[in-house]
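Examining the three-dimensional arrangement
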Amino acid sequence: MPPGLSCGLRDLAGLALALVLAMWPAGPAVASPAVQRVVQAELIDHSRPDTPARPVTLPDAWEHTAPERDGRASYRLVLPDEALATDQPALFLRRVGNVFRVQLNGEPVLSVGELSRPLPNYGQEPHLVRLPPHLVRPAGNELVIDVIGEPRREAGLSSVWVGPAAQLEPLFERAMNLQVRGAWVLTSTSATLGALALLVAWRTRQMVYGWFGLGNLIWAWRISALHLHDPGIWAGVLHWMFELSY
């Protein structure tokens, strides 16, 4: 490899590392003892009415457990009473969707996403759901999460964290940093590297820089495409381009 080319690639890699380290979250958030993780649920697949309810272990990623599922599935969870014994109980969901609905003891709590086709996709970001205290019973609290998804859209439900909202917020913020803000940092870094590499390719007439720049721009698009909530009629094209970007 020519010395100039080697130095240029090292400079671009160093710039990428500096940008990522400058914006990366500082340290891990640790769950409080008052916070509990729920991983057992009962699944009812409404897209197949002939299928009986069955127990599942969360997380449940449809890409692996039901890749052809198209429609609604309900997850019923029994919440630990001690985790709800607080002034403001809440749920932390690392991933859920494409779109979803939350009910506590038969009462609606949250609805995210429209039931239009193609579906919007809110499954790439975390959610902190504050539960109305007046809906919490002394014992026997049941949570139902309706997940509506489409095949090959990365639908499903992560494990569910339950506890005081103030103690779940650090988990939520860290997930936001890693899944959302971190994704945008990588997108901007890759786009910057791509633009610089194309400029170097234009100045030096060395196509290896051009291919490097093009690869970075495609990668930047791929990361940002995951966070587009509602591509509308372009969802099919977006998915095809996303798969092609591999």
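Each chain carries its own residue numbering, running from 1 in the written order of its sequence. Per-residue local features are limited, in this predicted model, to residues with pLDDT of at least 70; the limit for side-chain atom pairs, both in listing and counting, is 80 or more; totals at the level of whole chains, interfaces and linings are taken over all residues. To get the side-chain values, all heavy atoms of the structure are used, and hydrogens and water are removed first.

1. Here we look at the side chain of Ser74
The condition that has to hold: In this description a helix means any DSSP run of H or I spanning at least four residues, a strand means any run of E spanning at least two, and both kinds are numbered starting from the N terminus. We call two N or O atoms a polar contact when they sit within 3.5 Å, provided that within protein one can donate a hydrogen and the other can accept it, with sequence-adjacent residues counted only if both atoms are side-chain atoms. Contact definition: two residues touch when any of their heavy atoms are within 4.5 Å.
When you line up the elements, Ser74 lands in strand β5 (residues 71-78). At 3.5 Å, the side chain of Ser74 forms a polar contact with the side chain of Arg72. At 2.3 Å, the side chain of Ser74 and the side chain of Asp146 are in polar contact. Once residues within four sequence positions are removed from consideration, Ser74 is found in contact with Glu42, Leu43, Ile44, His46, Val144, Ile145 and Asp146.

2. Digging into the pairing of strand β2 (residues 40-45)
For the record, the criterion: Classification of residues uses two cut-offs on accessible area relative to the type maximum, computed with a 1.4 Å probe and protein chains only: under 20% is buried, over 50% is exposed, and between them is partly exposed. By this definition, two strands are paired if DSSP reports at least two bridges between them.
Side-chain alternation along β2 places Ala41, Leu43 and Asp45 on a buried face and Gln40, Glu42 and Ile44 on a face that remains uncovered. As paired strands, β2 and strand β3 (residues 54-57) are joined by 4 bridges and run antiparallel to one another. From the neighbouring strand, Ala41 faces β3, where its bridge partner is Val56. Sheet topology places β2 next to β5; 4 bridges connect them, and they run antiparallel. Note that in β5 the partner of Asp45 across the bridge is Ala73.

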